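Coordinates in review
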Amino acid sequence: MNPSTELSPAGPVAAMPPAEGASLAPLASRFAMIVVLVGLVALASILYPGFLAPANLRDLLLQNTAVGIVALGMTFVIISGGFDLSVGATYALGATVSAGVALSTGSPVVGIGAAVLAGLVCGVANGVLVARVGINPFVATLGSASVISGVAYLYSNSAPFIVSDPSFKILARSSVAGIPTPILILVVTFVIGGIALAMTRYGRNIYAVGGNHEAGWLSGLRVKDLTASVYVLTGVLAAFAGTIDASRLGVGQADVGANIALDAIAIVIVGGTSLRGGEGAVWRSAVGLLIFATLTNLFYSLNLSQNWQLIAKGTIVLLAVALDSWSRSRRS
């Protein structure tokens, strides 16, 4: 949430106690998606009796670990007032580079490092295009997505890298204290991201830049550097998510991640982060991820085809954006 929305109005008018309905409205709006999540879980439990089984919940989280990590980076970008459509291509590049380098060097660790470095380069390029050159984020990341995807296809020669080395799959298939490593990575990254955004000066500056670029610049913030930094973060996280996917499958290929940008954006805005910037939180994206994962699990349990799933997800995104616009118009 934009810190500015939590400031109390000053002056004689502010001294008047708010009406009971008016004071409850912001609270209801803030936690509405948690209520939606609880209702959705209850519905899924009725339609799919095995939904709350520990094995199903574990699979639900494992299947959505990669998109959750991508959504975390997208949260920072959207709160800063930007947009990143290149995460799908960066995700595919990360998967391809990690598998390709692991094959050529024999070291999965070097493969992961190379993938993260590739994501860093993609993020820096997006940051320069948006923050320094001044290209609209939508146009800049749409163009860079095409370039990054082309690089991934060229590097792999349009063929998958199949890694048979068992150590390559440790990242995605190992566990710690009975908890799968990818789930632990997802939780740790969300906790670190939440602390960075809510409790540090960097996070407060991201909110300020997203709320009003000009006001941020006039108050002395390094707006261009802050804007570029969120694209770097998103690029690194997207590439790392690609390495987890490649490790899980034992294959790195350039044609994965086609829908991951839409899924990540859906998770962020369904959780309640505004597309107009300056508002949102990592915990909201966590709620959005659980809603998204529950819906996906329910769709598969009902044997809903992939085509209908795309229609349903797109409709959810449109409804969430419409609700955000309606909510903002009422406040203004």
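Worth saying up front: this structure is predicted, and the values here are computed from it rather than measured.

The next thing to look at is helix H4 (residues 65–79). Helix length check: H4, at 15 residues, gives a terminal C-alpha distance of 21 Å against a target of 21 Å (1.5 Å per residue), a fit within 8%. Residue Gly81 follows H4 closely and has a positive phi angle near 95°.

This part is about the nonpolar core. Residues Ile69, Val70, Met74, Tyr91, Leu197 and Ile291 are the most contacted members of the largest nonpolar core, which totals 58 residues. Take this core: its biggest share by element is eleven residues, from H4. When neighbours within four sequence positions are excluded, Ile291 is seen to be in contact with Met33, Val36, Leu37, Leu40 and Val270. One finds Ala89, Leu93, Ala115 and Ile148 within the second-largest nonpolar core, a separate group that totals eleven residues.

Take the layout of surface pockets next. What the second largest pocket holds in volume is close to 750 Å³. In this structure, the second largest pocket is lined by 32 residues; those nearest its centre are Gln63, Asn64, Tyr91, Asp245 and Arg248. Only helix H3 (54–63), H4, helix H8 (170–173), helix H12 (223–249), helix H13 (260–271), helix H14 (282–301) and helix H15 (306–331) provide two or more residues apiece to the lining of the second largest pocket. Here the lining of the second largest pocket is built from residues that sort into 15 nonpolar, eleven polar and six charged.

Throughout the structure, instances matching the rule amount to one aromatic pair. With a centroid separation of 5.5 Å and an interplanar angle of 55°, the aromatic rings of Tyr155 and Phe161 are classed as tilted.

According to the stated counting rule, one finds four salt bridges in the structure shown. Here Asp225 and Arg132 are joined by a salt bridge, their closest N and O atoms 2.6 Å apart. Remark: Arg132 occurs in helix H6 (residues 108–132) and Asp225 occurs in helix H12; sequence separation between them is 93 residues. By sharing partners, the salt bridges in this structure join Arg132, Arg222 and Asp225 into a single network.

Moving on to empty space enclosed by the protein. Under the defined criterion, the tally for this structure stands at one cavity of 30 Å³ or more. Of the voids in this model, the largest cavity is the one considered here, and its volume is about 80 Å³. What lines the largest cavity is Ala266, Ile267, Val270, Gly288, Ile291, Phe292, Leu295, Thr296, Phe299, Lys313 and Ile316. Listed by contribution, the elements that provide at least two residues to the lining of the largest cavity are H13, H14 and H15. If you tally residues by element for the lining of the largest cavity, the top one is H14, at six residues. Its residues assigned to classes, the lining of the largest cavity comprises eight nonpolar, two polar and one charged.

This brings us to the environment of Gly106. If you trace the backbone, Gly106 turns up in the loop between helix H5 (87–105) and H6. In this structure, the C-alpha to C-alpha distance between Gly106 and Phe168, residues 62 residues apart in sequence, is 9.2 Å. Setting aside residues no more than four positions away along its own chain, Gly106 makes contact with Val101 and Asp165.

Our focus in this paragraph is the UniProt feature "transmembrane region" (unreviewed entry) in the protein. Here the UniProt feature "transmembrane region" (unreviewed entry) sits at residues 31–53, 65–89, 109–131, 138–156, 176–198, 256–275 and 282–302. Structurally, residues 256–275 is divided into 60% helix and 0% strand, and its ends, taken at the C-alpha atoms, are 26 Å apart. The span residues 282–302 is 95% helical and 0% strand by assignment, and the distance between its end C-alpha atoms comes to 30 Å.

All right, on to unusual backbone geometry then. At Ser158, a residue that is not glycine, the phi angle is positive and equals roughly 60°. Relative to the helices and strands, Ser158 is located in the loop between helix H7 (137–156) and strand S1 (161–162). Residue class for Ser158 comes out exposed when judged on its relative accessible area of 57%. For Ala177, which is not glycine, the phi torsion reads 55° and is therefore positive. Take Ala177: it is sitting in the loop between strand S2 (175–176) and strand S3 (179–180). Take Ala177: its relative accessible area is 80%, and that puts it in the exposed class.

Turning next to the packing of H6 against H7. For the pair H6 and H7, the least separation of the axes is 9 Å and the interaxial angle reads 145°. In terms of crossing hand, the pair formed by H6 and H7 is right-handed. Of H7, the residues touching H6 (which contributes Cys122, Asn126, Leu129 and Val130) are Pro137, Ala140, Thr141, Ser144 and Ile148. Of the residues assigned to the contact of H6 with H7, the class counts are six nonpolar, three polar and no charged.

Conventions adopted
Residues numbered from 1 in each chain as written. Predicted model: local features only at pLDDT ≥ 70, side-chain atom pairs only at ≥ 80, totals over all residues. Heavy atoms only, no water. Helix = DSSP H or I, 4+ residues; strand = E, 2+ residues; numbered from the N terminus. Expected span 1.5 Å × (residues − 1). Core = buried A, V, L, I, M, F, W, Y, C linked by side-chain atoms within 4.5 Å. Buried < 20%, exposed > 50% of the residue type's maximum accessible area, 1.4 Å probe, protein only. Contact = heavy atoms within 4.5 Å. 1 Å grid on protein atoms, 1.4 Å probe; cavity = no way out; pocket = protein on both sides within 12 Å on 5 of 7 lines; lining within 4 Å. Points joined across faces, edges and corners; volume = space filled by probe spheres on them. Nonpolar A, V, L, I, M, F, W, Y, C, P; charged D, E, K, R; others polar. Phe/Tyr/Trp six-rings, centres within 6.5 Å; stacked < 30°, edge-to-face > 60°. Salt bridge = Lys/Arg side-chain N within 4 Å of Asp/Glu carboxyl O. UniProt positions renumbered as here; feature names shortened; annotations may be inferred. Axes fitted to C-alpha atoms, helices over the stretch in contact; angles between N-to-C directions. Left-handed = near helix turned anticlockwise from the far one by under 90°.

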